[in-house]
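# A structural walkthrough
Listed below are the residues making up each chain.
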Amino acid sequence: MLIYLNGKYLDYSQALLPVDERGLQFADGVYEVALVWGGQFVDLERHLERLERSAQAIELDLPFTRSEIRDVAEELLRREAVKQAALYLQVTRGVAPRDHRFPAVVQPTVIAYLKDAHMDREALQHGVKAITVPDLRWLRCDIKSVSLLPNVLARQQAANRGVREAIQVRSGVGVTEGSATNIWMVHQGSIVTAPASNWILSGIVRSVVLDLAKSEKLPVAERFASAEELLQMDEVFMTSTTSFVMPIIEIDGRKVGDGEPGPVTMRLQELYLQRLDQIAHATLG
Ligand code: PDD
């Protein structure tokens, strides 16, 4: 496995960082995960835009231009020659003696690599199970920060219960998102998903699926559903770069609808996968 680290392409075993790296000490950094499909980056420009927004939100000056980091991504892809993968890109404030305050002079740490990503076709066809958990995160879930402890704990709770995802419910707000996915619900043909706000990460797949729903003339309400409503929905699904458009067929041990992936979910999944194949065949950017 090849790792890009601060300007160099290194073998995994050579890619080492000092202990006082601020990503490790304070989770003081931001990241992105973008898909490679059929040897092409999918929506890389949108991911890089979001990385810029996340960095700006934590007052971190990215040490590269968009075209420079795009070149790094392309170079990794050229050297690794993979067809299907996830590009992992992380920028932290850098290495400095431990002190909560920003260091006066510091060079951000930039890490990029391609990680295996496989499509779970069985799950996409038949759906997965989920649980609900309280959303314990901070007030800026719109920043794609490497500070993921509540997400890690939520996903582990799901794993402990033998299910795929933990759907987070924010007290006084409602259903926000999964531990690493956006959540969608369908009731009597209408789609509901949490609005882009400080309470969720505005997913790239979310924005694509919103456009696909529009193109299908499916009504969408961007609002917070309550936990009670979630359990009354006809269909529930989740989206992310690595889980695509994934049906959820059971929540907290109760069937969603009839316990099978629903027609709206499967239509959006079909359109989403078609779009990926179009990108792989380079008919789109
Ligand atoms: N997770 N919400 C959270 C909290 C996420 O971590 C993610 C992505 C999403 C979906 O975003 P997108 O559609 O841009 O992938 C929503 C990535 C895949 C991860 O951390 O692995």
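Let me sum up the structure you'll find in this document.

The rules we used
Residues numbered from 1 in each chain as written. Predicted model: local features only at pLDDT ≥ 70, side-chain atom pairs only at ≥ 80, totals over all residues. Heavy atoms only, no water. Helix = DSSP H or I, 4+ residues; strand = E, 2+ residues; numbered from the N terminus. Expected span 1.5 Å × (residues − 1). Buried < 20%, exposed > 50% of the residue type's maximum accessible area, 1.4 Å probe, protein only. Arc of directions from axis to C-beta. Contact = heavy atoms within 4.5 Å. Right-handed = clockwise from strand over helix to strand, strands pointing away. Pairing = 2+ DSSP bridges. Patch = residues over 30% accessible without salt bridge, like charges linked within 9 Å, V, L, I, M, F, W, Y side chains within 5 Å. Areas by Shrake-Rupley, 256 points an atom, 1.4 Å probe, with all protein chains shown as cover. Salt bridge = Lys/Arg side-chain N within 4 Å of Asp/Glu carboxyl O. Near = heavy atom within 4 Å. Polar contact = N/O pair within 3.5 Å; in protein donor to acceptor, adjacent residues only side chain to side chain. Nonpolar A, V, L, I, M, F, W, Y, C, P; charged D, E, K, R; others polar. Domains from an automatic or database assignment. Axes fitted to C-alpha atoms, helices over the stretch in contact; angles between N-to-C directions. Parallel < 35°, antiparallel > 145°, perpendicular 65-115°, else oblique. Left-handed = near helix turned anticlockwise from the far one by under 90°.

With that settled, consider helix 5 (residues 149-160). Between its first and last C-alpha atoms helix 5 spans 16 Å; for twelve residues at 1.5 Å apiece the expected length is 16 Å, and the two agree. Turning to helix 5, its buried residues number three or more, namely Asn-151, Ala-154 and Ala-158. With its buried residues spanning 65 degrees around the axis, helix 5 presents them on a single face. For helix 5, the exposed residues set more than 90 degrees away from the buried face come down to Leu-149 and Asn-160. Where the residues of helix 5 are buried, they touch strand 7 (128-134) and strand 8 (165-170). Positive backbone phi, approximately 75 degrees, marks Gly-162, located one or two places after helix 5.

Attention now moves to the pairing of strand 8. With six of its six residues buried, strand 8 lies for the most part within the structure. Because side chains alternate across strand 8, one face comprises the buried residues Glu-165, Ile-167 and Val-169, and the other comprises Ala-166, Gln-168 and Arg-170, equally buried. Once the chain exits strand 7 it traverses helix 5 before rejoining the sheet at strand 8, and the crossover so formed is right-handed. Where strand 8 and strand 9 (residues 174-178) come together, three bridges link them in antiparallel fashion. Counterpart to Arg-170 in the pairing with strand 9 is Gly-174. Two successive antiparallel strands, strand 8 and strand 9, enclose a turn made up of three residues, where Gly-172 displays a positive phi of approximately 80 degrees.

Quick look at a nonpolar patch on the surface now. Nonpolar side chains collect at one region of the surface, where Leu-149, Val-152 and Leu-153 lie side by side and expose about 300 Å² of accessible area between them. Turning to its location among the elements, Leu-149 is positioned in helix 5.

Let us now look at the site of the ligand. Lining the immediate environment of the ligand, one finds 18 residues, of which Tyr-31, Arg-50, Glu-177, Ile-204 and Thr-241 sit closest. A distance of 2.9 Å separates an oxygen atom of the ligand from a polar side-chain atom of Arg-50. Within the contact set of the ligand, a nitrogen atom lies 2.7 Å away from a side-chain nitrogen or oxygen of Glu-177. For the ligand, the accessible surface in isolation is 480 Å², of which the surrounding protein chains cover 90%. Taken together, the elements giving at least two residues each to the shell around the ligand come down to strand 3 (29-37), helix 6 (204-215) and strand 13 (235-240). Looking at the shell around the ligand, its residues break down into six nonpolar, nine polar and three charged. The residue makeup of the shell around the ligand includes at least three contributed by each of domain 1 (2-116) and domain 2 (121-279).

Running from N to C, helix 2 (residues 44-57) and helix 3 (residues 66-80) point in directions that differ by 125 degrees, and their axes come no closer than 11 Å. Judged by the inter-axis angle, helix 2 sits oblique to helix 3. The two elements helix 2 and helix 3 meet at a crossing, and its hand is right-handed. For the pair helix 2 and helix 3, contact is made by Leu-44, Glu-45, Leu-48, Glu-49 and Glu-52 and by Arg-66, Ile-69, Arg-70 and Ala-73, respectively. Looking at side-chain class alone, the contact of helix 2 with helix 3 contains four nonpolar, no polar and five charged residues.

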